[in-house]
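Listed below are the residues making up each chain.
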Amino acid sequence: MFAWIVEGEEIIDLIKADPSDNKYLACAYEGEADYIVSGDHHLLDIEAYEGIEILKVKAFLSVWEKEWESK
């Protein structure tokens, strides 16, 4: 697991119902994230963005556990 600091230069205007949520998509995209873990329904409704899966915590932990066990 890694954390990256991104510049915040990416601008995304996908979520119209709550435009402030777009910053999470932009950050994940710019940081080349594999997942966004959230409980926010605007993000969860998208399911994925540019190959970045958007999951609830429980679903992410299940994915992470399977990846961990396969190593």
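Position labels on residues start from 1 in each chain and follow its written sequence. Only residues with pLDDT of 70 or above have their local features reported here, since the model is predicted, and side-chain atom pairs are shown and tallied only from 80 upward, although totals for entire chains, interfaces and linings are computed over all residues. Side-chain metrics in this entry use all non-hydrogen atoms of the structure; hydrogen atoms and water are not considered.

(A) Highlighting the environment of Tyr 29. Helix and strand labels come from DSSP, where a helix needs a run of H or I of at least four residues and a strand needs a run of E of at least two; each type is numbered from the N terminus. Tracing the backbone shows Tyr 29 in helix H1 (residues 22-30). A sequence separation of 20 residues divides Tyr 29 from Tyr 49, and the C-alpha atoms of the two residues are 8.1 Å apart. Should any heavy atoms of two residues lie within 4.5 Å, those residues are counted as being in contact. In this view, Tyr 29 contacts Glu 10, Ile 12, Tyr 49, Glu 50 and Ile 52; residues no more than four positions away in its chain are not counted.

(B) Region of the structure containing the nonpolar core. Formed by Ile 12, Ile 15, Leu 25, Ala 26, Ala 28, Ile 36, Leu 43, Leu 44, Tyr 49, Ile 52 and Ile 54, the largest nonpolar core amounts to eleven residues. Every element with two or more residues in this core is listed here: H1, helix H2 (41-46) and strand E3 (52-55). Ranked by residue count, the leading element in this core is H1, at three residues. For Ala 26, the residues in contact, after removing those within four places along its chain, are Glu 10 and Ile 12. The term nonpolar core refers to a set of buried residues drawn from Ala, Val, Leu, Ile, Met, Phe, Trp, Tyr and Cys, joined through side-chain atoms within 4.5 Å. Only protein chains enter the accessibility calculation, which uses a 1.4 Å probe. A residue is then buried if its area is under 20% of the maximum for its type, exposed if over 50%, and partly exposed in between.

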